[in-house]
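Overview (structure and organization)
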Amino acid sequence: MRILVCMKQVPQKDAPLKLNEAGTWIREDVSYEVNEPDAFALEEALRQKEKHTGEVVVVTAGPARASQVLREALAKGADRAIHLEGDAFVGLDAYNTARAIAAVIKDEKFDLIFTGLQSDDYGYAQTGVILAEILGLPHATIIMQIGKTDGGIRVKRELEAGFFQFVDMPLPAVLTIQSGINKLRYATLIGIKQAKMKPMCKVTMAEVQSAVGGNLQKIEKLYVPQKSKNTEFLEGPPAEVAKKLVEKLKNELRVI
Amino acid sequence: MDTILVVVEQREGRLNRISWETITAGQAIAAQTGWTLEAAVVGSGVAAVAGEVAGKKLAKVYDIESARLEPYTPDAFAHALQEFLGKHPAKLVLMPHTYQVRDFVPKLATALQTAAISDVIGYRYEGGKLLFTRQMFQGKFVADVSFAGSGPCFVTFQNGSFRADKVEAGAAAAPVETVNVDVPDGVVRNQPQEVFKETKQAVDLTQADIIVSVGRGIKEQKNIELAKQLADALGGELAASRPICDNGWLPMDRQVGSSGQTVAPKLYLALGISGAIQHLVGMKGSRSVVAINKDSEAPIFEIADYAVVGNLFDIVPPLIEEIKKAKG
């Protein structure tokens, strides 16, 4: 099984973020980490390879710092990496990111392509599905389990409200992976050493420019959300607070 | 005239209630832009849903039908809507940001060489230009996004961004037109199996009007019973933040938050929930929020209408009694 994993570097979950002066993006002087569902997508690819043999290739689009995500993936067991490298990739919308990745990997004949279900920064939740459409492949989203069948794969999709569904699909296919599908591994010391010997291919924006167009959705302004609520604090001894609250539930919120 | 199309969601022939929110959004945009508002339902044998939707203030409702649209697959849905939009062009196509919509809209938009602005929480119409507001960086920031394409602009709205009960009824029922679409052999590549639940008494919290939700402040599993009594007194459902479900104190299907359900009830009563962003994104669309927490700095208070700073174990028992009294 030859598997491509699309990964992204995003600001750390608890990193305090600041806006740039133009109010168009964040200030880049923060700590970064791998986008969480992408880490699960990589883990799943490594597990599939261990079961069925094959190759795991990781790809990211982003500035030089994003190569850290690829190095970590190589240390965990990925075989090689592709880095669409440059600041110009940061501002691409989901459609163009997918087009750029497709341009680089379209002749590689992967059996499976994984992405995380969405990124912590833009949160489009679209790049994987768009990539599938560009490549003419079937897809399934928010996947919690993958098994091989005679004709292809059977995946378990997470639906809303605690529902799930198995879906049979042919290969090759694109899957977006949900966090928690598996337990993540750590890179071993030997893995980290070996990673240095593994191939990392760099691709510039100039090389994929012909596949990429203008963004169809444009961020005009990024800002801190306004607090919309006037919170009323109810005070007093518990019995009195309970009375006050029930009065609000009855007369203001009208839920009693 | 330009057209706004709302694609409502149905499951097994029943309208997903979140669709009303999308129609509310469509009605608001139509009122400001002067564009024509239409709706469509996609499925097999879903005329009843189209009829239900036609009671709202809409110029027209389309019932897009094919036997291949049941069960849902992204291939069939994208194909059907692509064919439909080819014959009935729309400037804006609005949908709720459900898992199903997330599954097929990026494919549909790409097939039409256009874009979907996803997970939108609001919009502004300024100088003849529509701007859509969406959260970024896990809700730490919001962005105003404009559409620069030439095809239809797809917009998906986050649960709770518009109010279902604000949807305007029509003076008379809107005309319903059945559109049979052809989904040829070979289009549908996935074979979905039956939908199932892993836990026995799974609950759809998105349909609940009142939710009592517990967080780490509940301290022990045995204390869940107290929250349950409060939920029962209010006639609501019991829910929880992630740590409670991870501990196994409540089943995973009662989890609210980014990895659980996104809810927008009339009342969300948060007991001992601090309000981490992963939780807030799942419930901040609630019509009203009441929070009880020991920590006066808890972020949950920032989105609460009514706040009680104090020990929930002191406040909840008399609260249950008062509710019972009020209900007679």
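Residues numbered from 1 in each chain as written. Chains lettered and ligands numbered in written order. Predicted model: local features only at pLDDT ≥ 70, side-chain atom pairs only at ≥ 80, totals over all residues.

1. Focus: the overall build of chain A
Summing up its helical and strand segments, chain A has seven helices and 13 strands in all. Referenced to the eigenvectors of the C-alpha coordinate spread, the extents of chain A come out at roughly 70 × 50 × 40 Å. Counting the 256 residues in chain A, one finds 45% classified as buried. Contacts spanning at least 24 positions in sequence make up 68% of the contacts within chain A whose residues lie at least 6 apart. (Helix = DSSP H or I, 4+ residues; strand = E, 2+ residues; numbered from the N terminus. Buried ≥ 20, exposed ≤ 12 C-beta atoms within 10 Å, placed from the backbone. Contact = placed C-beta atoms within 7 Å.)

2. Focus on the domain arrangement of chain B
Residue and element names in this part refer to chain B. Assigned domains within chain B: domain 1 (3-180) and domain 2 (205-327). Using only C-alpha atoms to locate each centre, domain 1 and domain 2 end up separated by 31 Å. Each partner contributes to the interface: domain 1 provides eight residues, whereas domain 2 provides nine residues. (Domains from an automatic or database assignment.)

3. Quick word on the sheet that holds strand S17 (residues 306-309) of chain B
Sheet strands pair by backbone hydrogen bonding; their relative direction is either parallel or antiparallel. As summarised here, the arrangement of the six strands in space is S13(A)-S17(B)-S16(B)-S15(B)-S13(B)-S14(B), forming an open sheet in which the pairing is parallel. Only two strands of the sheet have a single neighbouring strand rather than two, namely strand S13 (232-233) of chain A together with strand S14 (237-240) of chain B. The pairing of strand S13 (residues 210-214) of chain B with S14 of chain B spans four bridges and is classified as parallel. Residue pairing in the sheet places Val-212 of chain B in a bridge with Leu-238 of chain B of S14 of chain B. (Pairing = 2+ DSSP bridges.)

4. Notes on the interface of chain B and chain A
The interface of chain B with chain A comprises 72 residues on the first partner and 65 residues on the second. With eight residues, helix H8 (residues 312-327) of chain B is the single largest residue contributor to the side of chain B that touches chain A. Classifying every residue of the side of chain B that touches chain A by side-chain character gives 37 nonpolar, 17 polar and 18 charged. Pairing between S13 of chain A and S17 of chain B: two bridges, direction parallel. Note on S17 of chain B: the bridge partner recorded for Glu-232 of chain A is Tyr-306 of chain B. (Nonpolar A, V, L, I, M, F, W, Y, C, P; charged D, E, K, R; others polar.)

5. As for the sheet that holds strand S9 (residues 141-147) of chain B
Here we have 10 strands laid out as an open sheet, ordered S12(A)-S9(B)-S8(B)-S7(B)-S10(B)-S6(B)-S1(B)-S4(B)-S5(B)-S11(B), and mixed in their pairing. The open sheet has two edge strands with one neighbour each: strand S12 (217-223) of chain A together with strand S11 (176-180) of chain B. Within this sheet the neighbouring strands show an average axis-to-axis angle of 35°, counted without direction. Lying over the sheet, helix H1 (residues 18-33) of chain B contacts strand S1 (3-8), strand S4 (36-43), strand S6 (92-96), strand S7 (116-126) and strand S10 (153-157) of chain B, oriented at roughly 150° with respect to S6 of chain B. Along the sheet, helix H4 (residues 99-111) of chain B makes contact with S6, S7 and S10 of chain B, crossing S10 of chain B at roughly 165°. (Axes fitted to C-alpha atoms, helices over the stretch in contact; angles between N-to-C directions.)

6. Things to note about unusual backbone geometry
Across the junction of Leu-171 of chain A and Pro-172 of chain A, the peptide omega takes the value -5°, indicating a cis bond. Position of Pro-172 of chain A relative to the elements: it lies in the loop between strand S9 (163-170) and strand S10 (173-177). In this model, Glu-70 of chain B is joined to Pro-71 of chain B through a cis peptide bond whose omega is 0°. Here Pro-71 of chain B is to be found in the loop between strand S5 (60-65) and helix H3 (74-87). Residue Lys-109 of chain A is not a glycine yet carries a positive backbone phi of 55°. Its place among the elements puts Lys-109 of chain A in the loop between helix H3 (94-105) and strand S6 (112-116).

7. Focus on the environment of Ala-239 of chain A
You can see Ala-239 of chain A is positioned in helix H7 (residues 238-252). Sequence separation between Ala-239 of chain A and Gly-23 of chain A is 216 residues, and the spatial gap between their C-alpha atoms is 48 Å.

8. Some words on helix H1 (residues 36-52) of chain A
Residues and elements named next belong to chain A. Compared with the 24 Å implied by 1.5 Å per residue over 17 residues, the 25 Å span of H1 between its first and last C-alpha is a close match. Within H1, the full set of buried residues consists of Pro-37, Asp-38, Ala-39, Phe-40, Ala-41, Leu-42, Glu-43, Glu-44, Ala-45, Leu-46 and Gln-48. Where H1 terminates, the next one or two residues include Thr-53, which has phi positive at roughly 60°. (Expected span 1.5 Å × (residues − 1).)

9. A short note on the packing of helix H5 (residues 224-234) of chain B against H8 of chain B
Residue and element names in this part refer to chain B. Interaxial distance between H5 and H8 falls to 9 Å at its minimum, and their mutual angle equals 20°. It follows that H5 is roughly parallel to H8 by the angle criterion. In this structure, H5 crosses over H8, and the sense of that crossing is left-handed. Of the residues in H8, those in contact with Leu-226, Gln-229, Leu-230, Ala-233 and Leu-234 of H5 are Val-316, Leu-319, Ile-320, Ile-323 and Lys-324. Across the contact of H5 with H8, the residue classes tally to eight nonpolar, one polar and one charged. (Parallel < 35°, antiparallel > 145°, perpendicular 65-115°, else oblique. Left-handed = near helix turned anticlockwise from the far one by under 90°.)

10. A few points about the nonpolar core
Counting residues in hydrophobic clusters, the biggest one holds 126 residues, and the most contacted among them are Val-5, Leu-42, Val-58, Phe-114 and Leu-175 of chain A together with Ile-117 of chain B. In this structure, Ile-117 of chain B is in contact with Gln-217 of chain A together with Phe-132, Arg-134, Val-145, Phe-147, Cys-153, Phe-154 and Val-155 of chain B, ignoring residues within four places of it in sequence. Listed in part, the 52 residues of the second largest apolar core include Leu-250, Val-256, Ala-307 and Ile-323 of chain B. (Core = buried A, V, L, I, M, F, W, Y, C linked by C-beta atoms within 7 Å.)

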